[in-house]
Amino acid sequence: MSEKAAYFNEREHQICTVARMIEDARTYWVAGGGSPMASILLAKMLYAPNAIYVTEDGVVAPEPSLPLDPLMTMVTSRSSYRALQWGTMNTIGFHAQIGLMDYGILNTLQVDPYGNINSTALGDYAGEHRRFGGPGGADSIAALCWHTILMTDQQARKFVPRVDFISSPGFLDGSEGARERVGLPRGTGPWRVVTPWAVFDYEDRHLRLTGVAPFVTVDQVLAEMSFKPKMAKEIEALETPTEDELALLRTELDQRGQITDVGKPVVRQDDGTYAFVEEQKEKGDLPSSW
Amino acid sequence: MTTVDVLAEGRGEYLKVDPDGFRDWVRENKSRALVPKLMSEKEAVEKLVSDGDYIWYECNYLQRGPASLIREVIRQKKKDLWVGAKFTWVTAALLVGGGCVSKLDVGFFLFGPTVEQAIREGRVTAYEYSNVVMTNRIMAGAMGLPFMPVRSFGGTDGFTHSGAKLINDPYTGEPITIVPALNPDVALIHVHQADVFGNARIFGTGISHQEAAMASKKVIISAEEIIDTEEIRRDPGRTTIPYYVVDAVVHAPFGAYPGEMQGHYTSDVPHVIEVVASTLRGLIPQYLDKYVYGVSSQAEMLDKLVGASRLKDIQGRATIKEGYTA
């Protein structure tokens, strides 16, 4: 691994964290575009060249011609370039349904302690609510892949005790066998949640905090959750992005800054610890190299 | 005797399931003869899209979809449509903004004030599915079956607001979700090449064009290129849609504009940003005034609002040709 970057943002940190989770020679059904696609592409460039990904427009194992135009992450010549197969949404759905997809990578609006995902409505669906676009491919990814990696923001309004609407299934009510009782394939379900600040896994189908970025504290993470997760015995300090990772992310994957420009910038200070740039500015305490 | 229990069922209205009725329709209405079906976009939409229809489009307004036909549907002010809104980006919002829609079966669409307000005011009712569940439904329709068992969708709140049911599978004894087959009244499909009879070729990846063509009562194909039937016969393996499911063929160069048509032209980035911003900011009426109501046809829009130099530019940017030539 190359040198740790002295300056990055929390979104870049999140993408790099997921990229380092990617296993070589495994299959990933990736939500079309955004952080999930950036994560798998970064992984393929640096860590897992033989990781395979598919998208819901029927594309199997593309070697996309980057960069992609805005929103043009599916059904385009660049996004589907040098694939092994051009199928359809039904063929990809069936590939997942027969058990070919090891992992799914998704992002979402809301998640609850059991990994249920909301991308349909915030508020009371039957009454006052704000409407969103629906599950798209996420319901099938969450139902049919063996493991699901969810990317979302570390915000109290995103981590809620019960999602307002289950668009895509996690462990449902958290009881053993809940997914199987509604016809979902056995042995599947949520596996990791990765935010710009933290990593979670599941213990007995319940979200558990396992790692925290060095630019925030455990308490800061918990303050940005509307429920208390289970806690791992030891909370790991997450690795920050390397110069190599950032160089690829910024020059090849996200040239226009569409994905990463929404994160808060972080800086390494003279004592080797990390802090948010804005807070250090307020304190008048930026590193000498700044 | 094994009985099949319904363990749970959604409360959402769904398009009536009637496989024998669909067979009767096909028997009566799908021409087996090789008859030319070439017509203008105006004539095709006038003849084949009726108020109250269930309408399905393949891909969407930004990605190899029938964008010119969508604009024509809005221009003709079709009403009371039930839209299969899967993998849809701005398409559903444009149709809702044009006042064409009363019901949406949602897989995914780009939300925004226009659709949100229509739903809140009760002008549009949304039923909830996922993209893949919608293409599974259309596959059941294409197979002439009444329903499709699926291993996804169970346990979601979408299930509650859909036409899905959870039953005990009589073969395994395990619970299984079933979803109603979908046989839309009309499907709009944009293709790379077609002959005048409707034998059509799509190069590259897609959503459910073969299933939609088989499952729909009326099928309008728009094609970048009209080719000779001899060319079809020279390489039949490349025919993705056979003539006898097709009711109209429209010659539509740049028919997917502002979206990309793989191998022919890329998306028009400024236009994509304009239509997405219009959707997110509630400015769809202004967008429709300019690009739909402000012109009489696709040809006039390209000529007056887009211009030859932009078209040349997006053609030039489509540098990847592998897989998109016969």
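About the cut-offs
Residues numbered from 1 in each chain as written. Chains lettered and ligands numbered in written order. Predicted model: local features only at pLDDT ≥ 70, side-chain atom pairs only at ≥ 80, totals over all residues. Heavy atoms only, no water. Contact = heavy atoms within 4.5 Å. Buried area = accessible area lost by both parts, 1.4 Å probe. Salt bridge = Lys/Arg side-chain N within 4 Å of Asp/Glu carboxyl O. Polar contact = N/O pair within 3.5 Å; in protein donor to acceptor, adjacent residues only side chain to side chain. Helix = DSSP H or I, 4+ residues; strand = E, 2+ residues; numbered from the N terminus. Nonpolar A, V, L, I, M, F, W, Y, C, P; charged D, E, K, R; others polar. 1 Å grid on protein atoms, 1.4 Å probe; cavity = no way out; pocket = protein on both sides within 12 Å on 5 of 7 lines; lining within 4 Å. Points joined across faces, edges and corners; volume = space filled by probe spheres on them. Pairing = 2+ DSSP bridges.

## Considerations on the interface of chain B and chain A
Listed as interface residues are 59 residues of chain B and, on the opposing side, 57 residues of chain A. Of the roughly 4500 Å² buried where chain B meets chain A, counting both sides, 58% is carbon and sulfur surface. For the chain B face of the interface with chain A, the top three residues by lost area are R151(B), T205(B) and I320(B), together amounting to 15%. For the pair chain B and chain A, the number of links is two salt bridges. Residues R317(B) and D69(A) are paired through a salt bridge, measuring 2.8 Å at the closest nitrogen-oxygen approach. For the interface between chain B and chain A, the tally reads 27 residue pairs in polar contact (both at pLDDT 80 or more). For the side of chain B that touches chain A, the elements supplying multiple residues, two or more each, are α5 (113-120), β5 (125-128), α6 (131-142), α7 (157-160), β8 (175-180), α8 (209-215) and α10 (269-281) of chain B. A total of six residues in the side of chain B that touches chain A trace back to one element, the largest contributor, which is α6(B). Here the side of chain B that touches chain A is built from residues that sort into 25 nonpolar, 24 polar and ten charged.

## Here's the deal with the layout of surface pockets
All names here are of chain B. Considering only enclosed or pocket space, the second largest pocket measures out at about 330 Å³ in volume. In this structure, the second largest pocket is lined by 17 residues; those nearest its centre are F22, R23, V26, R27 and R32. Counting residues per element, the lining of the second largest pocket draws most heavily on helix α1 (residues 19-29), which supplies five residues. Residue composition of the lining of the second largest pocket, by class: eight nonpolar, four polar and five charged.

## What about the sheet that holds strand β14 (residues 206-212) of chain A?
All names here are of chain A. The strand order across the open sheet formed by ten strands is β5-β4-β3-β2-β6-β11-β12-β13-β14-β15, and the pairing between neighbours is mixed. One side of each edge strand has no neighbouring strand; the edge strands of this open sheet are β5 (85-86) and β15 (230-237). Relative to strand β6 (residues 103-107), strand β2 (residues 27-30) runs parallel, the two sharing three bridges. Across the sheet, Y28 pairs through a bridge with Y103, a residue of β6.

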